[in-house]
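A look at the structure
One letter stands for each residue in the lines below.
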Amino acid sequence: MRLFSIVGYPVAALCVAVSTSFSQPDLSSRVNSAPDGTVRVTFASRPGTCGNGRDMIGYRKALFAENFQSIGDWNAPDCVPGPVRVAITKTNGRITRIRTSVGDTFPKTTDRVTDLGMVSPVDAASYFFGLVPQIERIQNDKSRFLLAAVLANAGDVIPQLTTLARDEGRSIDTRRQAIHWLGILGDERVIPTLVGYARGGGAGPVGEDIDEDEGKPGKKDLGTTAMAALAEMDNNIGVPAIIDLSRTGSTSIRSAAVFWLGQTGDPRAFATLHSVIENSREDDRIRAHAVFSLGQGAEKDPAQIRYLQSIYPRATNRMKEQIFLTMGQKSGGSDWLLEKARDRNDPMDVREKALFWAGQNEATPTRDLADFYRSADERQLKEHAIFVLSQRNDDAAFNELMRIAQSDSDRSMRAKALFWLGQKDDPRVAKLIADKINK
């Protein structure tokens with residue numbers, strides 16, 4: 001044993017280390033012995049963690065704020081690296097809330113403060129994981145109560161997260177958050193676990209007409225969460241598993257899988273969605289979900305818009321509606337939608353939907369909708385054009401409705417325009433109605 005001297009006395013280095021470890025109470029004891037008020041704890045964060053020192057925290061694809069959680073691409077210039085800071089609220093000797101932030105300072109408080117300073121991130125993770133059963137029952141911001149445990153620079157916490165996810169004694173919120181974090185922090189090891197949850201009940205997040213899991217309360221929610229977690233994994237390592245899920249299993253599982261494939265932006269995912277869309281033997285609802293998913297993924301690959309336009313002639317009406325929804329969100333989609341609204345080869349209800357989504361597209365000039373009304377020669381379509389104009393809040397739409405109500409040659413169209421104008425709180429409408437009554 002190597003000896004060294006402290007104030008002239010030889011002391012074993014090992015003995016010093018041991019005595020130091022016993023002189024420091026564990027974090028749980030230190031928090032428990034603190035008085036009521038706010039107990040502050042600071043510890044090193046995982047590399048890549050950032051925050052604004054208040055409510056916002058970012059890590060990899062996850063962004064948390066006071067009232068929301070976002071998973072995906074995000075941009076927050078004021079999210080800067082820093083340690084994790086946890087403010088623990090104690091009332092009558094009991095912990096009633098934990099508030100996690102990342103930054104140089106703690107958020108301000110008027111409470112009595114006990115600051116425990118920097119602590120070991122390993123100890124912090126262990127303590128806050130152990131606190132979950134108590135906190136999950138009382139804390140309202142459910143998306144945040146695992147942050148203190150998972151953001152500590154404590155190495156591998158996959159075992160703890162897996163235990164939480166599998167613990168049926170935990171709340172659904174806790175288990176869902178644990179599954180989310182398995183996707184964010186996990187590697188290939190967690191994929192079988194996530195797939196197991198996805199197959200256990202994963203109704204799609206779009207299209208309520210597909211739901212085979214009503215007899216499994218909570219299971220459906222966990223299944224959808226697991227599917228999302230697979231889509232969120234770094235380097236898209238979860239994509240092959242989602243592709244497999246899209247080809248096998250129940251209708252609801254395949255529906256959820258095609259939705260999440262579009263969120264990944266992965267070329268393999270897009271190719272799979274194409275195969276689902278082109279498969280005439282597949283359930284029409286799932287094909288429509290694949291169209292919707294591909295439209296969402298077009299943000300990362302604009303070529304998918306051209307693909308959706310190309311399959312329109314052979315698409316089912318349900319699929320066409322999803323194509324319309326996609327085009328209604330794209331800046332260059334209005335001309336295409338108006339063209340389909342004029343196409344007499346499609347049924348009237350399909351044409352009406354194309355016109356509706358053209359009106360919903362903010363990039364569609366109101367004058368184009370007015371021109372559509374004036375050039376249309378089918379009564380049902382003209383009536384629908386008046387409705388579409390009524391859903392816009394700009395002056396051009398209002399003025400066109402006023403023109404129709406005052407001077408259109410078709411009395412029934414004047415009445416339709418006046419009806420929709422009557423839904424607006426505008427003194428010009430009241431005057432128009434009064435003038436008609438007084439004639």
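Shown above is the structure to which this text applies.
First things first, this report covers the structure right here in the doc. (Residues numbered from 1 in each chain as written. Predicted model: local features only at pLDDT ≥ 70, side-chain atom pairs only at ≥ 80, totals over all residues. Heavy atoms only, no water.)

1. Structural notes on the pattern of salt bridges
For clarity, the cut-off: Salt bridge, as used here: a side-chain nitrogen of Lys or Arg that lies within 4 Å of a carboxyl oxygen of Asp or Glu. Note on conventions: DSSP H or I runs of at least 4 residues are helices, E runs of at least 2 residues are strands, and numbering of each starts at the N terminus. Partly exposed describes any residue whose relative accessible area lies between the buried limit of under 20% and the exposed limit of over 50%, with all areas from a 1.4 Å probe on protein chains only and scaled to the type maximum.
One pass over the full model with this rule turns up 22 salt bridges. Residue Glu-278 is joined to Arg-314 by a salt bridge in which the shortest nitrogen-to-oxygen separation is 2.8 Å. Residue Glu-278 is found in helix α11 (residues 267–278), and its partner Arg-314 is found in the loop between α13 (303–311) and α14 (317–327); the two are separated by 36 residues along the sequence. A salt bridge links Asp-284 to Arg-318; the nearest nitrogen and oxygen atoms lie 3.3 Å apart. Here Arg-318 lies in helix α14 and Asp-284 lies in helix α12 (residues 284–297), a separation of 34 residues in the sequence. A relative accessible area of 27% places Asp-284 in the partly exposed class. The partly exposed category is assigned to Arg-318, whose relative accessible area is 37%. Several salt bridges converge on common partners, so that one network encompasses Arg-344, Arg-351, Asp-377 and Glu-378.

2. What to know about the side chain of Thr-225
As a reminder of what qualifies: Contacts between residues were defined by any pair of non-hydrogen atoms, one from each residue, lying within 4.5 Å.
When you line up the elements, Thr-225 lands in helix α8 (residues 219–232). A residue is classified by how much of its surface remains accessible, and Thr-225, at 5% relative accessible area, is buried. Filtering out sequence-adjacent residues up to four positions away, Thr-225 remains in contact with Arg-176, Ile-179 and His-180.

3. As for the packing of α14 against helix α16 (residues 348–360)
Rules: Axes, fitted as lines to C-alpha atoms, cover a helix only where it is in contact. Angles between the N-to-C directions of the axes lie from 0 to 180 degrees. Oblique is the label for every angle not falling under 35 degrees (roughly parallel), over 145 degrees (roughly antiparallel), or within 65 to 115 degrees (roughly perpendicular). Should the near helix be turned anticlockwise from the far one by less than a right angle, the crossing is termed left-handed; should it be turned clockwise, right-handed. Lys, Arg, Asp and Glu make up the charged group, whereas Ala, Val, Leu, Ile, Met, Phe, Trp, Tyr, Cys and Pro make up the nonpolar group; the residues left over, Gly among them, are polar.
Two elements in contact, α14 and α16, have axes separated by 9 Å at closest approach and are oriented at 15°. Judged by the angle between their axes, α14 and α16 are roughly parallel. Along this stretch, α14 crosses α16, giving a crossing that reads as right-handed. For the pair formed by α14 and α16, the contact residues are Asn-317, Lys-320, Glu-321, Phe-324 and Leu-325 on the first element and Val-350, Lys-353, Ala-354 and Trp-357 on the second. Classifying every residue of the contact of α14 with α16 by side-chain character gives five nonpolar, one polar and three charged.

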